[in-house]
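# Chain and residue survey
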Amino acid sequence: MATATSHFVENPTETPLQVSKRVTVQALVESPGLASIPSNYSYFSNPNESAASNPDEDTFPIIDFSLLTSADPHQRSKIIQDLDRACREWGFFMLVNHGVSKSLMKQVLEGCNEFFNLPMEEKMEFEGKDIWKPIRFGTGVDVKVEKFFFWRDFLKCYVHPHFNFPNKPKGFSEVAEEYSKRTRDVIKELLKGVSESLGFEESYIEKAMNLDSGSQLFAANLYPVCPQPETAMGIPAHTDHGLLTLLIENDIGGLQIQHNGEWFNVHPLPNSFLVNTGDHLEILSNGRYKSIKHRAVVNNKATRISIASPLGPSLDKVVSPAPELIGGETGRPAAYLPMTYKEYMERQLDGKPCLDHVRIPGA
């Protein structure tokens, strides 16, 4: 069986830079004699981007999902207040007691690892640059938008309203389908609490965003060991499209989030989901909840795998601030322009922060 390296690195006289322009990061790392990263992977951070620190244990908000689904109205009321505070002050929280089994979370991470370890020619069957391709394997980033390559390979699949997934490795699709369904159910339940925290009835967001036809992405990221982690970046600072994103990882660490201008390393609680608010929850809430900036750094010790599961409105849904949160008692004008979810996602391709396309200056 050909390895990723033997399939692509055929010319022993090629430099790492020449190789890097046509292979995945994983294959690049497996190529002989890689002691430094090719120049097209060098990331020069903004001088305003500070290094991340390790927070105190009780720094990050923790939401107990079991209390959100509790029959006790007092418990539910308190956790909705906690949810409101987490979305408003952080745009991020750790979700515990969510009901998704540890074994399923482990299986889906193992499936991702097996997929990324498939022979290169099998993975390349799913290669593509079209963001609307239902199943897409890729690496780095379009250098017309960013001036360097990300130190990551990825698999992105649209799993709702229609489930799309690779047919290999064996059994991975079935595990991913169950995982996607369970995470979608968790997000929809969280959004019931968010609806109430905004002063609406619990099904407000589900109905307003057409979540029965909502767009859900399964985004698996592979961050191979990097010989120079201080000069590379897995994914630079960004926000997510959609309403909420659930994320799990393989205990290696690398996620950093920004809070009040400072960066923090995130060390997940065992069997927890990391949850962040997305751009469209910021828009719908008219800025009450902020889409959090986050980034992924790499290391020189172990390969990291993460799976992000963002859920957004239906693609044809025009998203704008909820009418109830404009004017009236709030006295606040609309802070964002209306735009369909599909058009919003397509605007990601021009390199400009997506929210800048719809944010109304001075609002």
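The numbers attached to residues start from 1 for each chain and follow its sequence in the written order. Under the rules for a predicted model, residues below a pLDDT of 70 receive no local features and side-chain atom pairs below 80 are neither given nor counted, while totals for whole chains, interfaces and linings still include all residues. Processing note: side-chain calculations cover all non-hydrogen atoms of the structure and skip hydrogens and water entirely.

## Observations concerning the overall build of the protein chain
Along its length, the protein chain carries 11 helices and 14 strands. In the protein chain, which comprises 363 residues, the proportion classed as buried is 53%. Here, residues are in contact when the closest pair of their heavy atoms is within 4.5 Å. Nonlocal contacts in the protein chain, meaning residues at least 24 apart in sequence, comprise 76% of its contacts between residues at least 6 apart. Accessible surface, the protein chain: about 16500 Å² in total, of which carbon and sulfur atoms supply 51%. Secondary structure is summarised from DSSP: a helix means a run of H or I of at least four residues, a strand means a run of E of at least two, and numbering begins at the N terminus for each. A simple rule labels every residue: compare its accessible area, found with a 1.4 Å probe on the protein chains alone, to the largest value its type can have, and call it buried under 20%, exposed over 50%, or partly exposed in between. Methods summary: accessible areas were calculated by the Shrake-Rupley approach with a probe of 1.4 Å, and residue burial reflects only the protein chains presented.

## Some thoughts on the pairing of strand β7 (residues 244-249)
One face of the sheet, then the other: side chains in a regular strand alternate in exactly this way. Most of β7 sits out of view: 6 of its 6 residues are buried. Of the two faces of β7, the one carrying L244, L246 and I248 and the one carrying T245, L247 and E249 are both buried. Any two strands with at least two DSSP-identified bridges between them are counted as paired. As paired strands, β7 and strand β10 (residues 273-277) are joined by 4 bridges and run antiparallel to one another. Counted as the bridge partner of L247 is L274 from β10. Across 6 bridges, the pairing between β7 and strand β12 (residues 304-312) is antiparallel. By the bridge assignment, L244 is partnered in β12 with L311.

## Focus: the pairing of strand β8 (residues 255-259)
Within β8, 4 of the 5 residues are buried, which leaves the element mostly enclosed by the surrounding structure. Between β8 and strand β9 (residues 262-265), which pair antiparallel in sequence order, lie 2 residues; one of them, N260, sits at a positive phi of approximately 50°.

## Brief notes about the environment of N286
Relative to the elements of secondary structure, N286 occurs in the loop between α10 (279-284) and β11 (294-296). For N286, a relative accessible area of 2% puts it in the buried group. Taking the C-alpha atoms as reference points, N286 and I326, 40 residues apart in sequence, are found 7.6 Å from one another. Among all residues touching N286, those that are not within four sequence positions of it are P321, L325, I326, R332, P333, A334, A335 and Y336. In terms of polar contacts, N286 uses its side chain to reach the backbone carbonyl oxygen of L325, at 3.5 Å. Any pair of N or O atoms that falls within 3.5 Å is considered a polar contact. Within protein, one atom must be able to donate a hydrogen and the other to accept it, and sequence-neighbouring residues count only if both atoms are side-chain atoms.

## So, the confidence of the model for the protein chain
Looking at the protein chain as a whole, the pLDDT averages 89, with 89% of positions reaching at least 70. For every residue, the predictor reports its confidence as pLDDT, a number between 0 and 100. Counting interchain partners and residues more than four positions distant, the pLDDT-below-50 stretch residues 1-21 has 33 contacts.

## Re empty space enclosed by the protein
The distinction between a cavity and a pocket rests on a 1 Å grid over the protein atoms alone: a 1.4 Å probe fits inside a cavity but cannot get out, while a pocket stays open yet meets protein on both sides within 12 Å along at least five of seven lines, and a residue with an atom within 4 Å of a point counts as lining. Grid points are joined across faces, edges and corners, and a volume is the space filled by probe spheres set on the points. Applying the stated criterion across every chain, the model contains 1 cavity of 30 Å³ or more. Approximately 50 Å³ is the volume found for the largest cavity. Around the largest cavity sit F92, L247, L255, I257, L274, V275, N276 and H294, which together line it. Contributing elements (two or more residues each) for the lining of the largest cavity: β8 and β10. Among the elements that line the lining of the largest cavity, the one with the most residues is β10, at 3 residues. Charged means Asp, Glu, Lys or Arg here, nonpolar means Ala, Val, Leu, Ile, Met, Phe, Trp, Tyr, Cys or Pro, and polar covers whatever is left, Gly included. A per-class count over the lining of the largest cavity returns 6 nonpolar, 2 polar and no charged.

## Quick look at the pattern of salt bridges
Whenever Lys or Arg places a side-chain nitrogen within 4 Å of a carboxyl oxygen from Asp or Glu, that contact is recorded as a salt bridge. Under the criterion given, the structure shown has 16 salt bridges. R76 is paired through a salt bridge with E202; the nearest N and O atoms lie 3.4 Å apart. Of this pair, R76 sits in helix α5 (residues 73-89) while E202 sits in the loop between α8 (172-197) and α9 (204-208); the two residues are 126 residues apart in sequence, bridging distant segments of the chain. With a relative accessible area of 14%, R76 lands in the buried category. E122 is the salt-bridge partner of K168, the closest N and O atoms lying 3.8 Å from each other.

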